[in-house]
Amino acid sequence: MENRRKSPGRNCFWFALCLALFLSVGEQALAETRYSVAEEVRDGTIVGNVAKDLGLDITSLTGRPLRVVSESENAYFGVNQENGDLYVLRKIDREELCQGGGVCLMELKIIVENPLEIHYVAVEIRDVNDHYPVFPEKEQRFEIGEQTLPGRRFQLHAARDPDAGSNSIRTYSLTSNEHFELDIRQSDEEKIPFLVLKKPLDREQRSNHLLYVTALDGGKPPRSGTLNVSVIVLDSNDNRPKFSQEIYQIEIEENVPVGISIFKINATDPDEGSNSLLEYNLGKTLKKKVYENFELDKITGEIRVKGGIDYEENDVYKLDIEASDKGTPPLTGECRLIIKIKDLNDNPPEIEITSLSNTVSEDSKPGTMISLISVKDKDSGLNGKVLSSITSDVPFELKPSYKENIYSVVTKAALDREKVSHYEITIKATDCGEPPLTTFKTLHIRVSDINDNSPRFSESPINIYLTENNLAASSIFSVSATDRDVNENAAISYHIMREGIKNDILSFLNVNSENGQISALKSFDFE
């Protein structure tokens, strides 16, 4: 009876013992062992001895199969059946298994059979610096206007490094330069680099800047990645057109053909695009002759002759030229072109009669001035120097005056109208150019008469033979005299000289004073 009362108690004791035993060897074990191994270790690397750490009798493992069950599809760990070592089966890539920078754990189940035991083992995969920082693009390009003020920020691509912890990206660096610096902004766990303009850009000095941004991780040794940053400097119209000289000077000959190109002006503008496209124009306040004689091509800057170029009209021209670009607003540059005209011997001398006496008396003394002439030549230098002379053989000469190229025409010998009553005096003026040019001028001079010649009979004396019984008052003879003078000086009147001559016959004769007809006043009788 007493034994029956004790029987239910024993049964409860055995039930509790069996339940405790079952819980200790069931499908799940409450204790967990943790190991640590670096990623990328070689296959076969021992992580730890699970048999020892789990309190298993190593000698009994031969009869108790030991295996590893992983939650991942690929088995990364195995266990040595003989000694219970947990080892690496294949290469482990932490970044492939775990994303982010937290702790990377792999949960493993260690199964022991006969009897069945399940143990949980956690393996921490330690990160190693096996990745380089990588930018999403190899190159980043910015277009920045040269008028951009310092302080302007430009966001750069941020690099990515799959490694975690200290092996992740720690900083950025920028190649040394005078225009840009690097600023790094922390955003959560990410560092974002910015390119900051610290000095104004000048496209004309440098139109393209190539920079290198380097991302560095915290590994030992550190790994790095590089981003090529290309900065294209955009042009602004900040440069005026510029000529190589402020004043140009050329020389051209007069009489050059119309349309010929004599000079090509050229300005430069270091800007680009429309800011560097130039247009040329003549100044607005030049002399009228400049616009009449020259033209300027607006596009090419070529200067051509438009009108006749005459040294004698103008020996120098001054052209103010303006070059303007097509920027907004346009900028201009100026220069001056001085065109000197070279004289050619294209003008013959000119002989001008200042005063002229067309008539000179034959009794004029040597040195008597009959004309005053002036000689000039529009050319200059030797081309305008004139030599004058009288070419004809005449009793006249040129006498220079105190003033250059002024001459007097004077007599140099006595004149005799009865020998030469008219002279043609040819004056020759020749310049000293090459070839020389000559001008002739002829003066027509008449020699005026004076009564310096007596009348002369063709015969003297004259013998007259008459027949007797002539008719009274009839003409018996005619006489004739000549006078080399002219006009009134050559007018002859005839008369019989009676004074002082005792000849009765003369009283019977009469002469016509105008024509020299001699007539008898009575009839003569020979006897």
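Residues numbered from 1 in each chain as written. Predicted model: local features only at pLDDT ≥ 70, side-chain atom pairs only at ≥ 80, totals over all residues. Heavy atoms only, no water.

K.L.:
So what's going on with the overall build of the chain? Which residues, and what values?
P.N.:
Of regular secondary structure, the chain possesses 4 helices and 36 strands. Expressed along its principal axes, the backbone C-alpha trace of the chain runs to roughly 260 × 40 × 35 Å. Counting all 527 residues of the chain, 38% fall into the buried class. Sequence separation of 24 or more characterises 64% of the internal contacts of the chain that already satisfy a separation of 6 or more. A total accessible area of about 32100 Å² is found for the chain, and carbon and sulfur atoms account for 50% of it. (Helix = DSSP H or I, 4+ residues; strand = E, 2+ residues; numbered from the N terminus. Buried < 20%, exposed > 50% of the residue type's maximum accessible area, 1.4 Å probe, protein only. Contact = heavy atoms within 4.5 Å. Areas by Shrake-Rupley, 256 points an atom, 1.4 Å probe, with all protein chains shown as cover.)

K.L.:
Please set out the UniProt feature "domain: Cadherin" (unreviewed entry) in the chain residue by residue, giving values where relevant.
P.N.:
In this structure's numbering, the residues bearing the UniProt feature "domain: Cadherin" (unreviewed entry) are residues 29-135, 136-243, 244-351, 352-457 and 458-527. Taken end to end, residues 244-351 is 6% helix and 44% strand, and its first and last C-alpha atoms sit 49 Å apart. (UniProt positions renumbered as here; feature names shortened; annotations may be inferred.)

K.L.:
So what's going on with the sheet that holds strand β9 (residues 153-155)? Which residues, and what values?
P.N.:
Read across the open sheet, the 3 strands follow the order β9-β12-β11; overall the sheet is antiparallel. Looking at strand neighbours, the two that pair on one side only are β9 and β11 (180-187), the edges of this open sheet. Pairs of neighbouring strands in the sheet enclose a mean axial angle of 35 degrees, with direction left out of account. Both β9 and strand β12 (residues 190-197) contribute to a ladder of 3 bridges, which runs antiparallel. Its bridge partner lying in β12, Gln-155 is registered against Phe-194. (Pairing = 2+ DSSP bridges. Axes fitted to C-alpha atoms, helices over the stretch in contact; angles between N-to-C directions.)

K.L.:
A description of the state of the cysteines should follow, citing residues and the corresponding values.
P.N.:
What the rule picks out here adds up to 1 disulfide. Paired through a disulfide, Cys-98 and Cys-104 show a sulfur-sulfur distance of 1.9 Å. Of note, the bridge from Cys-98 to Cys-104 carries an S-S torsion of about 65 degrees and is right-handed in sense. Here Cys-98 and Cys-104 have matching classes, each one buried. (Disulfide = S-S within 2.5 Å.)

K.L.:
So what about the pattern of salt bridges? Which residues, and what values?
P.N.:
Within this structure, the stated rule accounts for 17 salt bridges. In this structure, the salt-bridge partner of Arg-203 is Glu-272, at a minimum N-O distance of 3.5 Å. Residue Arg-203 is found in the loop between β12 and β13 (208-217), and its partner Glu-272 is found in the loop between β18 (267-268) and β19 (278-282); the two are separated by 69 residues along the sequence. Given the relative accessible area of 10%, Arg-203 is considered buried. Given the relative accessible area of 36%, Glu-272 is considered partly exposed. (Salt bridge = Lys/Arg side-chain N within 4 Å of Asp/Glu carboxyl O.)

K.L.:
Can you break down the packing of aromatic side chains residue by residue, with the values?
P.N.:
Given two aromatic rings, one states the distance between the centres and the angle between the planes to describe the pair. This structure, assessed with the given rule, holds 7 aromatic pairs. Aromatic pair Phe-457 and Tyr-494: ring centres 6.2 Å apart, planes at 50 degrees, arrangement tilted. Here Tyr-494 lies in the loop between β34 (481-482) and β35 (509-511) and Phe-457 lies in strand β32 (residues 456-457), a separation of 37 residues in the sequence. Given the relative accessible area of 44%, Phe-457 is considered partly exposed. The ring of Tyr-132 carries Arg-223 above its face, with NZ or CZ at 4.4 Å from the centroid. (Phe/Tyr/Trp six-rings, centres within 6.5 Å; stacked < 30°, edge-to-face > 60°. Lys NZ or Arg CZ within 6 Å of the ring centre and 35° of its normal.)

K.L.:
Pulling in residues and values, what's your account of the sheet that holds strand β21 (residues 302-305)?
P.N.:
Strand order in this open sheet of 3 strands is β17-β21-β20, and the pairing throughout is antiparallel. Each edge of the sheet is formed by a strand with only one pairing partner; in this case those strands are β17 (261-264) and β20 (294-296). Neighbour-to-neighbour, the strand axes of this sheet turn through a mean angle of 20 degrees, independent of strand direction.

K.L.:
Break down the side chain of His-119 for me, with residues and values.
P.N.:
Inspection of the secondary structure puts His-119 in strand β7 (residues 117-126). The exposure class assigned to His-119 is buried, which follows from its relative accessible area of 13%.

K.L.:
Mind laying out a nonpolar patch on the surface, listing which residues take part and the relevant values?
P.N.:
Taken together, the side chains of Phe-457, Ile-462, Ile-464 and Leu-466 define a hydrophobic patch exposed on the protein surface, amounting to about 320 Å² of accessible area. Among the structural elements, Leu-466 can be located in the loop between β32 and β33 (475-478). Under the relative-accessibility criterion, Leu-466 is labelled partly exposed at 40%. (Patch = residues over 30% accessible without salt bridge, like charges linked within 9 Å, V, L, I, M, F, W, Y side chains within 5 Å.)

K.L.:
An account of the nonpolar core is needed here, citing residue identities and associated values.
P.N.:
In terms of nonpolar packing, the biggest core is built from 27 residues, with Phe-243, Phe-294, Leu-319, Ile-321 and Ile-339 touching the most fellow members. Elements supplying a minimum of two residues to this core: β16 (247-253), β19, β20, β21, β22 (316-325) and β23 (332-342). In this structure, Phe-243 is in contact with Tyr-248, Ile-265, Asn-266, Ala-267, Tyr-280, Ile-321, Ala-323, Gly-333, Glu-334 and Cys-335, ignoring residues within four places of it in sequence. Of all hydrophobic cores here, the second largest spans 24 residues; its members include Val-37, Ile-92, Leu-108 and Val-123. (Core = buried A, V, L, I, M, F, W, Y, C linked by side-chain atoms within 4.5 Å.)

K.L.:
Summarise unusual backbone geometry; cite the residues concerned and give the values.
P.N.:
Cis geometry marks the peptide bond from Asn-114 to Pro-115, where omega comes out at -5 degrees. Mapped onto the fold, Pro-115 is located in the loop between β6 (105-112) and β7. Omega for the bond connecting Glu-434 with Pro-435 falls within 30 degrees of zero, at -5 degrees, which places this linkage in the cis form. Relative to the elements of secondary structure, Pro-435 occurs in the loop between β30 (422-431) and β31 (438-448). At Glu-40, a position not held by glycine, the phi torsion is positive, near 70 degrees. Examined against the element boundaries, Glu-40 turns out to sit in the loop between β1 (32-38) and β2 (46-49). The phi torsion at Asn-405 lies on the positive side, around 65 degrees, for a residue other than glycine. When you line up the elements, Asn-405 lands in the loop between β28 (396-400) and β29 (406-411).

K.L.:
Residues and numbers for the pairing of β12, please.
P.N.:
For β12, the buried fraction is high: 7 of the 8 residues fall into the buried class. Sheet topology places β11 next to β12; 8 bridges connect them, and they run antiparallel. Within β12, the residue paired with Ser-187 across the bridge is Glu-190.

K.L.:
Explain the environment of Phe-526 to me, and be specific about the residues and the numbers.
P.N.:
Secondary-structure assignment places Phe-526 in the segment after β36 (517-520). In sequence terms Phe-526 and Leu-466 are 60 residues apart; their C-alpha atoms lie 9.3 Å from each other.

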